[in-house]
Amino acid sequence: SMCCSCVSKMCGWSNAKSERFHKIPYTILIFFSLLVALLLKNYQGDFGIPIYGGISMHACDDSCKGDQAVYRITLALTLFFAAHAFLVTIVPYAFAKEIHTACFGVKVLLFIGMVIGVFYMENESLNQFADACRVISLIFLVFQSVVLIDYAYTLHFWMIDKEDTSWDIANLSMSGLMIAAVITAVGLMFHWFADGSSCGVEKFVLSMTIIVPFFYTVAACTDYIPHGALFPSACVTGYATYIAYTAMLSSTNRECNTLIDRSGGATQWELAIGIIIAVVSITFTTWNIGSQSSKLFGARGEDEKNDQIKMGDDYHDAGDANEKKDDEDEEEEEIVSEEEQAAKKCDWVVFHFLMTVASMYACMLLTSWSTNEYSSTEEQFSDPESFWVKVASQWLVMILYIWTLVAPILFPDRDFT
């Protein structure tokens, strides 16, 4: 433990003083890893590792460029965070804390070694990993949807709590602008993607993009749902509309998808928006890990207070306060300390599990949710697998938002705040 701390300080990162800022280096690592993966995906030159005097070691041939490069880097990320989750689970608290908060310099070196190693793996193994990513990534989509809904509610109540007319006007104005943008966008999408006799599926998806939000928005503004509001409904509808747009772009029906032959530059900015959304959601989710589950499913009575102490920042303050107590409360402190340690370990395990799933989600995001071979960029971005995954994620976010509206009514004994 002491040796690990010394090494971590020597390598430039020791984060024992803050329980929240230890998430920063992991977020930075995954961000730059995805950036490298994106660069390698679009890099078509010779791939090799320079050794000495102009001699280079070719780790792989053309078969591991493009999507294969993305598979390898995201596999290294997946193994990196999965190993953290496993080790933090099985070792005692003191060692788990060192594994989670220290030795980051050493971890970076190990991760680089893992990246180099996976480039020597056969493509067939990486294709199997990509197939697994398509399924497991849906777990992250659930978290991403919960984060979006939670942030929409948080921002709404933050403006309401200002108790200022100007903030109320801003709230209503932003809500109105988002709804107007949604109506305009869906109208354009009907023209671009559903203007043919064989566009039944596209027409159904776009119709649901308007019909379902209409009903939950009206319901959220009535007295039957006192916690509902226009702003969160507008935010969720805007996100659902964006997902519908990306799904329409993935349609393989050329009679419906008039933008199927769009330029490569257009596909790149679509990918860039997706990456930005993913990075923000990963950062926000992992930074506030532990709070979304209680808001989604609620907590009973006294359990809500206990969960906030265990999973929130309060338990750090409580730990500092307990350290200042006199010797008469030592036994009680030990009991509380054990509970806090268990809560912290649980927080760390969930964090690394979520980062593992986020790495697999990034694999699908950078490869447009498909593991097929393509003869052109247009074929990659227009794929039935990608279409249905995006449609499913759109329905998922709308269902989760409807759940936040009806759950407090169906389960009044739970606290969802």
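Scroll up a little and you will see the structure.
These remarks concern the structure in this document. (Residues numbered from 1 in each chain as written. Predicted model: local features only at pLDDT ≥ 70, side-chain atom pairs only at ≥ 80, totals over all residues. Heavy atoms only, no water.)

1. Notes on the overall build of the chain
Helix and strand counts for the chain stand at 16 helices and four strands. Considering only contacts in the chain between residues 6 or more positions apart, those separated by 24 or more positions represent 79%. (Helix = DSSP H or I, 4+ residues; strand = E, 2+ residues; numbered from the N terminus. Contact = heavy atoms within 4.5 Å.)

2. Re the environment of phenylalanine 143
Relative to the assigned elements, phenylalanine 143 resides in helix 6 (residues 123-160). Phenylalanine 143 gets classed as partly exposed once you look at its relative accessible area, which sits at 25%. Considered as a pair, phenylalanine 143 and alanine 358 are 215 residues apart in the sequence and their alpha carbons are 9.7 Å apart. (Buried < 20%, exposed > 50% of the residue type's maximum accessible area, 1.4 Å probe, protein only.)

3. Comments concerning the nonpolar core
One finds Tyr26, Ile30, Leu77, Phe81, Phe111 and Phe119 to be the most contacted residues of the largest nonpolar core, which totals 40 residues. Those elements that place two or more of their residues in this core are helix 2 (23-41), helix 3 (67-90), helix 5 (104-118), helix 6 and helix 14 (330-366). If you tally residues by element for this core, the top one is helix 14, at 12 residues. Not counting residues within four places of it along the chain, the set of residues in contact with isoleucine 30 comprises Leu77, Phe81, Met355, Ala358 and Ser359. Grouped together as the second largest cluster of nonpolar side chains are 16 residues, Val186, Val205, Ala244 and Ala247 included. (Core = buried A, V, L, I, M, F, W, Y, C linked by side-chain atoms within 4.5 Å.)

4. Focus: the state of the cysteines
Under the defined criterion, the tally for this structure stands at one disulfide. Between the sulfur atoms of cysteine 199 and its disulfide mate cysteine 256 the distance is 1.8 Å. Measuring handedness by torsion sign, the sulfur bridge of cysteine 199 and cysteine 256 sits at about -110° and is left-handed. Of this pair, cysteine 199 sits in the loop between helix 7 (165-193) and helix 8 (200-220) while cysteine 256 is found in the loop between helix 9 (230-249) and helix 10 (264-287), placing the two residues 57 residues apart along the sequence. Using a relative accessible area of 1% as the deciding quantity, one classes cysteine 199 as buried. Taking relative accessible area as the criterion, cysteine 256 reaches 1% and is therefore assigned buried. In this structure cysteine 363 is a free cysteine whose sulfur lies 4.0 Å from that of cysteine 133, the closest cysteine sulfur available. Overall, the relative accessible area of 0% leaves cysteine 363 in the buried class. (Disulfide = S-S within 2.5 Å.)

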